[in-house]
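# Architecture at a glance
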Amino acid sequence: MFSIIIKNFEFDTIIGVLDFERVTPQKVIINCEITYNYEDSYLDYAKVSQIIQNILQTKKFEVLEDSLDYICSYLKNEYTNISSINLEILKPNILKNMIVGAKIIKNY
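Rules of the game
- Residues numbered from 1 in each chain as written.
- Predicted model: local features only at pLDDT ≥ 70, side-chain atom pairs only at ≥ 80, totals over all residues.
- Heavy atoms only, no water.
- Helix = DSSP H or I, 4+ residues; strand = E, 2+ residues; numbered from the N terminus.
- Rg over C-alpha atoms; globule rule 2.2 N^0.38 Å.
- Buried < 20%, exposed > 50% of the residue type's maximum accessible area, 1.4 Å probe, protein only.
- Contact = heavy atoms within 4.5 Å.
- Areas by Shrake-Rupley, 256 points an atom, 1.4 Å probe, with all protein chains shown as cover.
- Lys, Arg positive; Asp, Glu negative; His and termini not counted.
- Charge placed at Lys NZ, Arg CZ, Asp CG, Glu CD.

## A closer look at the overall build of the chain
Within the chain, the secondary structure is distributed over two helices and four strands. Seen in sequence order, the chain has helices and strands lined up from the N terminus as β-β-α-α-β-β. A compact globule built from 108 residues would reach a C-alpha radius of gyration of about 13 Å, and the chain, at 14 Å, matches this within 12%. Taken along the three principal axes of its C-alpha coordinates, the chain extends 45 × 25 × 20 Å. Scored against the burial criterion, the 108 residues of the chain give a buried share of 43%. A separation threshold of at least 6 residues defines the contact pool for the chain, and within that pool the share at least 24 residues apart is 59%. For the chain, the accessible surface area stands at approximately 6,500 Å², while carbon and sulfur atoms represent 48% of it. Positive and negative side-chain charges of the chain, numbering 11 and 14 respectively, have mean locations separated by a distance of 3 Å.

Structure below.
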């Protein structure tokens, strides 16, 4: 088994349930580790990161948990050789003095 790792991937998007979060894009930080079975077909971390960014910027999720679950399902459907996904979305600017977020761990 091999893993690709994406750390500290930052971009702005609409995400959250608070009124101002629905209209003003905020910075998110993505951390991800995807384990997969390498059989002459590698996972391209550039493509995976672009998929994650596109999903978050077009779907405009309210709840982080829904976005995490959707991204995992999409990636597993796209890349059947994935055996596990560890995905974290952090919101560094939403609360003072801390970084908050949510994380999902999926094993297939």
